[in-house]
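So the chains spell out like this:
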Amino acid sequence: MKRLRRTMLFVPGNNPGMIQSASVLGADCVILDLEDAVSLIEKDSARKLVTKALRSWSFKSTEVTVRINPITTVYGPLDLEAMLEVQPDILLIPKAEVASIQEVESRISAFEAARGGETVRTKLFALIESAAGVEYVHEILESSPRLEGVLFGGEDYTSDMGVARTMGGMEIEYARNKVAVACKVHGVDAVDTPFTDVDNHEGLLADARKAKAMGFTGKAAINPRQVGIIHKGFAPDPVEVRYALRVLEAMEEAEAEGKGVFSLDGKMVDAPIIQRARQMVALAEKLGMVKASNVSREGGLV
Amino acid sequence: MRVTRTAKAGTLESNDIFIMVSPSEAEGVNLELQSIVLAQFGRQIRDTILRTVAARGVTQVSIMAQDRGALDYTIEARVETALDRALAEPGVIL
């Protein structure tokens, strides 16, 4: 099963204290930010600090992403060059459009060639935050084999569209749906836009649940206090997990009896239901909701 | 190599270190260090700063360092940034 990315937590790239504590904040992934969180006169300082941290500091099991500056700015290529020397898990490419991803891909390929074909381990995430980015999301996802996901940026997207951002989020509904579906088609993660009202925990929980229902695999966080709430929003429903366990149990019994098709609670169970049940149980195992060793025999939630 | 311009890096926030490098009249590295953990880690901080300066090839500079509990890699990053800023050609974007 792929790595969990329920939360990607932004951490300012020029703040040593926050970088040091990034791995204990509970997020599946942290984003060390060299872009919006860093003023123009501190770009060099943040780049150096993040480079040194990636060389020396242990982020333990937390996945580390670095958001570089747009590749079209003077800072973007400098960031990319520095990050390729230390190779974080992921590079988040802002203002992602086909041309910018192709440019990054081409620079990484050139770096690999210059190092005698040594493969860069770093994967890419496209930060889609413009109307063009949303409309051409499929083409963007085809622009580099290193892409592992998309992070949708609702604030810049609505700014580009010239529309107001609202609590209900109607103005980003189309973009969210399009990004989530495109990511599913390409088999990559879809991470939803941050919820910017950091004190509105109920609103965040509802928004996280909505994102999950749309098909997002996670949500960006801009404050450590948001992490637990987002995880709650993305946790599988225990009722659904129990049903999934029963589906797998019934499937085992049907297989033992040589039945190709079987029913559960009066409803026929077919391949898509079994597949969904397997995914649900695998996720529940990963989150410690069920015991991995005896899932199919006992079917009990932890 | 001599530092001929004054430059700064870092902050006075917790876990950070503020570094100011400036031209020195005398040969060598003239380091003035203040730290909230001077008694426990003064020697280590001083060594890290001097090692970083030497690695950059700088032999004549005055350094004022105000430490707020920075780890070694943060100290290295801030010293290198201050030196890069001091030694950069005018107009070069770092």
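Basis of the calculations
- Residues numbered from 1 in each chain as written.
- Chains lettered and ligands numbered in written order.
- Predicted model: local features only at pLDDT ≥ 70, side-chain atom pairs only at ≥ 80, totals over all residues.
- Helix = DSSP H or I, 4+ residues; strand = E, 2+ residues; numbered from the N terminus.
- Rg over C-alpha atoms; globule rule 2.2 N^0.38 Å.
- Contact = placed C-beta atoms within 7 Å.
- Pairing = 2+ DSSP bridges.
- Axes fitted to C-alpha atoms, helices over the stretch in contact; angles between N-to-C directions.
- Core = buried A, V, L, I, M, F, W, Y, C linked by C-beta atoms within 7 Å.
- Buried ≥ 20, exposed ≤ 12 C-beta atoms within 10 Å, placed from the backbone.
- Domains from an automatic or database assignment.

Asker: What should I look at first to understand the overall build of chain B in this one?
Answerer: Looking only at helices and strands, chain B features two helices and four strands. Starting at the N terminus and ending at the C terminus, chain B contains elements arranged as β-β-β-α-β-α. Scaling as 2.2 N^0.38, a compact globule of 94 residues should have a C-alpha radius of gyration of about 12 Å, and chain B matches this with 12 Å. If one aligns the C-alpha atoms of chain B with their principal axes, the spans along those axes are about 35 × 30 × 20 Å. Partitioning the intrachain contacts of chain B with sequence separation of at least 6 by distance along the chain shows that 72% fall at a separation of at least 24.

Asker: Explain the interface of chain B and chain A to me, please; I cannot follow it from the model alone.
Answerer: A common way to report how large an interface is uses the accessible area buried once the components associate. Chain B puts 16 residues into the contact, and the matching count from chain A is twelve residues. With seven residues, helix α2 (residues 72-87) of chain B is the single largest residue contributor to the side of chain B that touches chain A.

Asker: Please explain the sheet that holds strand β2 (residues 17-22) of chain B as it appears in this structure.
Answerer: Paired through backbone hydrogen bonds, the strands of a sheet run either parallel or antiparallel to each other. Residues and elements named next belong to chain B. Here we have four strands laid out as an open sheet, ordered β1-β2-β4-β3, and mixed in their pairing. Among the strands making up the open sheet, the edge pair consists of β1 (7-9) and β3 (28-35). Across the sheet, the mean angle separating the axes of adjacent strands is 15° when strand polarity is ignored. Note that β2 and strand β4 (residues 60-67) share six bridges and pair antiparallel. Counterpart to I19 in the pairing with β4 is A65.

Asker: Any chance you could explain the nonpolar core here in plain terms?
Answerer: A general trend in soluble globular proteins is that nonpolar side chains are found buried together. Among the nonpolar cores identified, the biggest contains 88 residues, and A:I93, A:A126, A:I128, A:V150 and A:V179 are the most heavily contacted of them. When residues of this core are assigned to their parent elements, the largest contribution, seven residues, is made by α2(B). Excluding anything up to four places from it in sequence, A:I128 contacts A:A96, A:G133, A:V134, A:V137, A:I140, A:V150, A:F152, A:G153 and A:V179. Grouped together as the second largest cluster of nonpolar side chains are nine residues, A:A244, A:L245, A:V281 and A:A284 included.

Asker: I tried to follow the sheet that holds strand β8 (residues 218-221) of chain A on my own but got confused; where do I start?
Answerer: All names here are of chain A. Strands sit in the order β1-β2-β3-β4-β5-β6-β7-β8 around a closed barrel of eight strands; the barrel is parallel. Within the sheet, the average angular offset between the axes of one strand and its neighbour, ignoring direction, is 25°. Of the pairings in the sheet, the one linking strand β7 (residues 189-192) to β8 comprises two bridges and is parallel in character. Residue pairing across strands places D192 opposite K219, the latter belonging to β8. Across the sheet, helix α8 (residues 173-186) touches β5 (123-128), β6 (147-152) and β7, and the angle it forms with β6 is around 170°. Lying on the sheet, helix α10 (residues 225-234) is in contact with β1 (7-12) and β8; it crosses β8 at an angle near 170°.

Asker: Help me understand the domain arrangement of chain A, please; the structure alone is not making it clear to me.
Answerer: Partitioning chain A into domains gives domain 1 (7-234) and domain 2 (238-298). Here the C-alpha centroids of domain 1 of chain A and domain 2 of chain A sit 34 Å apart.

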